[in-house]
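Chain by chain, the residues run as shown.
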Amino acid sequence: MLARKSIIPEEYVLARIAAENLRKPRIRDRPRKARFIAKNGACNLAHKNIREQGRFLQDIFTTLVDLKWRHTLVIFTMSFLCSWLLFAMMWWLVAFAHGDMDPSTESATNSTKWTPCVTCVRSFTSAFLFSIEVQVTIGFGGRMMTEECPLAITVLILQNIVGLIINAVMLGCIFMKTAQAHRRAETLIFSRQAVIAVRNGKLCFMFRVGDLRKSMIISASVRIQVVRKTTTPEGEVIPIHQVDIPVDNPIESNNIFLVAPLIICHVIDKRSPLYDISAADLALQDLELIVILEGVVETTGITTQARTSYIAEEILWGHRFVPIVTEEEGVYAVDYSKFGNTVKVAAPRCSARELDEKPSILIQTLQKSELSHQNSLRKRNSMRRNNSIRRSNSMRRTNPSLIVPKVQFITPEGNQSASET
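Here the structure is a predicted model, which is why all the values come from computation and not from measurement.

Some remarks on the overall build of the protein chain
Along the protein chain, the regular secondary structure elements total eleven helices and 16 strands. Among the 421 residues that make up the protein chain, the fraction classed as buried is 29%. Here the contacts in the protein chain between residues at least 6 apart in sequence split such that 62% fall between residues at least 24 apart. Put simply, the protein chain shows about 28600 Å² of open surface, and 58% of that area lies on carbon and sulfur atoms.

This is how it looks when you write it as structure tokens:
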């Protein structure tokens, strides 16, 4: 509340409040742009207003595989129940048309004067049980076919064919859902953050990728794309403009041997979309770098794909990944607890274009980092020396036995002099 007028003048209070508001910087967070690819590889895309829904039914098998598990299990159960009920109704009609439902035929059957189409089918419940026995080939033996009705034989053949088709489609659908390629991609991991540092005298964009399983990914290849909103000279706005950027790989086939975690490097040169971006401009850029890893699963032979993305806030300028592969007793060991750890290194804050135009910037940056490193070493050594001196002095104060006593010497003239050794 404002102070009372009788104590503090109103003009002074208003001026003070205005000055306090001016001193406090108002930080407005920039609205975060929606990611095109999430960190777990899922596409952040919603399909709306699809009018031709019948196209999904034309490829019914793919539609069943893409459904969620609860929907697949419901369809799996209902398909069998509906087929059993449908053929149970057909068996009941066959028995009713032949007269097997008439109570008078039961005594005739016992006296071997009447032959039913299906034995022991005298109600809809028994017809339903016989339908299940026929389709799943259980065959308890109480109900069986006879050669009395050709129509019943036709229904038997038809039900066997329909049951085999349902089994093949449903079991194949469940197998494909359990062996989908993206399940294998769950064990392909990427570093949470990417880095930009100097490698071989060039600014490079780097990230780390690894495989948690011992079974390898055959013919693994990595692609990087930059997705950003652009406007053409004609004024056309492209909301999702994809640009491929090259990956530095000395192998001509562009395949990687993913037996251990690797650091994938992209040299920022004239072909790179990051060529004109400096460290100060990186935070203001509205871009997203999508990383795609493709390969063939060694155990199943299915092609798999793992994806992730990096936005400007997830790119660390002037950092480098720590090594995680060590040799222990003749075996290379990988410490995944340090998979995403980085250390700060010397790197120019300018763009790659400025670095190419003025190579002296890199030399000056390295020299400054070397001087700062030497200064830090000197400070550390001096601090250690001071700490050791303080410890020795404190030990002398606390332990009186270490104090050397004073010794008096008598000179020939008779004068006494005290000295401390």
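Considerations on the packing of aromatic side chains
Under the definition given, this model contains eight aromatic pairs. Taking 5.9 Å as the distance between ring centres and 45° as the angle between the ring planes, the aromatic pair formed by Phe80 and Trp84 counts as tilted. One end of the pair, Phe80, and the other, Trp84, are both in helix α4 (residues 69-98), four residues apart, so they sit about a helical turn from each other. Residue class for Phe80 comes out buried when judged on its relative accessible area of 11%. Pairing Tyr336 with Phe339 gives two aromatic rings, centres 6.1 Å apart and planes at 25°, and the pair type is stacked. Taken together through their ring pairs, the aromatic side chains of Phe76, Phe80 and Trp84 make up a single cluster.

A word on the state of the cysteines
Counted by the stated rule, this structure contains one disulfide. Linked covalently through their sulfurs, Cys117 and Cys149 form a disulfide whose S-S length is 1.6 Å. Taking the sign of the torsion about the S-S bond as the criterion, the disulfide between Cys117 and Cys149, at about -55°, is left-handed. With Cys117 in the loop between α5 (104-110) and α6 (124-136) and Cys149 in the loop between α6 and α7 (150-178), the pair connects residues that are 32 residues apart, well separated along the chain. In this structure, Cys117 and Cys149 share a single accessibility class: buried. Not part of a disulfide, Cys204 finds its nearest cysteine sulfur in Cys265, a span of 3.5 Å.

Quick word on the environment of Cys149
With relative accessibility at 7%, the residue Cys149 sits in the buried group. Other than its neighbours up to four places away in sequence, Cys149 contacts His98 and Cys117.

Topic: unusual backbone geometry
What is expected of a backbone is that most residues other than glycine have negative phi and most peptide bonds are trans. A positive phi angle is found at Cys120, which is not glycine, with a value near 65°. One can find Cys120 in the loop between α5 and α6. Phi is positive for Ser219, close to 55°, though the residue is something other than glycine. Relative to the elements of secondary structure, Ser219 occurs in strand β4 (residues 217-231).

Brief notes about a nonpolar patch on the surface
Where nonpolar side chains cluster on the molecular surface, the patch consists of Leu57, Ile60, Phe61, Ile153, Ile157, Ile161, Ile165, Val169, Phe175 and Met176 and spans about 910 Å² of accessible area. Looking at the nonpolar patch, the elements with two or more residues in it are α3 (60-66) and α7. The leading source of residues in the nonpolar patch is α7, at seven residues. Turning to its location among the elements, Met176 is positioned in helix α7.

Looking at the pairing of strand β9 (residues 303-311)
Bridge analysis of strand β8 (residues 287-297) against β9 gives nine bridges, and the strand direction is antiparallel. Bridging from a neighbouring strand, Ile290 pairs with Ser309 of β9. Hairpin geometry of β8 and β9 is characterised by an intervening segment of five residues between the two adjacent antiparallel strands and by a positive phi of about 75° at Gly301.

Concerning the pattern of salt bridges
Summed over the entire model, instances satisfying the criterion amount to seven salt bridges. Arg353 is the salt-bridge partner of Asp276, the closest N and O atoms lying 2.4 Å from each other. With Asp276 in the loop between β7 (262-267) and α9 (279-282) and Arg353 in helix α10 (residues 352-357), this residue pair connects regions lying 77 residues apart in the sequence. For Asp276, a relative accessible area of 46% gives the class partly exposed. Each of the salt bridges in this network shares a partner with another, and the network as a whole consists of Arg35, Lys39 and Glu314.

Thoughts on α7
Taking 1.5 Å as the rise per residue, α7 with 29 residues should run 42 Å; its terminal C-alpha atoms sit 43 Å apart, in good agreement. Turning to α7, its buried residues are Ala152, Val155, Gln159, Gly163, Ile166, Met170, Cys173 and Lys177. Tucked into the core, α7 has its buried residues touching α3, α4, α6 and α8 (181-184).

Some remarks on the side chain of Glu133
Examined against the element boundaries, Glu133 turns out to sit in helix α6. Beyond its immediate sequence surroundings of up to four residues, Glu133 is in contact with Ile138, Gly139, Phe140 and Arg143.

Here's the deal with the side chain of Arg208
Tracing the backbone through its elements, the reader meets Arg208 in strand β3 (residues 202-211). Of the side chains bearing the opposite charge, Asp335 lies closest to the buried Arg208, which forms no salt bridge; the N-O distance is 9.5 Å. Engagement of the side chain of Arg208 in a polar contact is seen with the backbone oxygen of Val322, the distance being 2.7 Å. Looking at Arg208, its side chain comes within polar contact range of the main-chain oxygen of Phe339, at 2.9 Å.

Some remarks on the nonpolar core
Grouped burial of nonpolar side chains is what soluble globular proteins tend to show. Judged by nonpolar contacts, the single largest core of 39 residues is most densely connected at Phe205, Phe207, Leu289 and Leu293. Residue contacts for Leu289: discarding those within four places in its chain leaves Phe205, Ile224, Gln225, Val226, Ile245, Leu274, Thr308, Ser309, Tyr310 and Ile315. Counting residues in each nonpolar core, the second largest holds 14 residues, with Trp91, Met101, Ala152 and Val155 among its members.

Digging into the packing of α6 against α7
Here α6 crosses α7 at 60°, and the two axes come no closer than 8 Å. Here α6 lies oblique to α7, going by the angle between them. As α6 runs across α7, the sense of the crossing is right-handed. From α6, Ser131, Val134 and Gln135 reach across to α7, where they touch Leu156, Gln159, Asn160, Gly163 and Ile166. Classifying every residue of the contact of α6 with α7 gives three nonpolar, five polar and no charged.

What counts as what
Residues numbered from 1 in each chain as written. Predicted model: local features only at pLDDT ≥ 70, side-chain atom pairs only at ≥ 80, totals over all residues. Heavy atoms only, no water. Helix = DSSP H or I, 4+ residues; strand = E, 2+ residues; numbered from the N terminus. Buried < 20%, exposed > 50% of the residue type's maximum accessible area, 1.4 Å probe, protein only. Contact = heavy atoms within 4.5 Å. Areas by Shrake-Rupley, 256 points an atom, 1.4 Å probe, with all protein chains shown as cover. Phe/Tyr/Trp six-rings, centres within 6.5 Å; stacked < 30°, edge-to-face > 60°. Disulfide = S-S within 2.5 Å. Patch = residues over 30% accessible without salt bridge, like charges linked within 9 Å, V, L, I, M, F, W, Y side chains within 5 Å. Salt bridge = Lys/Arg side-chain N within 4 Å of Asp/Glu carboxyl O. Pairing = 2+ DSSP bridges. Expected span 1.5 Å × (residues − 1). Lys, Arg positive; Asp, Glu negative; His and termini not counted. Polar contact = N/O pair within 3.5 Å; in protein donor to acceptor, adjacent residues only side chain to side chain. Core = buried A, V, L, I, M, F, W, Y, C linked by side-chain atoms within 4.5 Å. Axes fitted to C-alpha atoms, helices over the stretch in contact; angles between N-to-C directions. Parallel < 35°, antiparallel > 145°, perpendicular 65-115°, else oblique. Left-handed = near helix turned anticlockwise from the far one by under 90°. Nonpolar A, V, L, I, M, F, W, Y, C, P; charged D, E, K, R; others polar.

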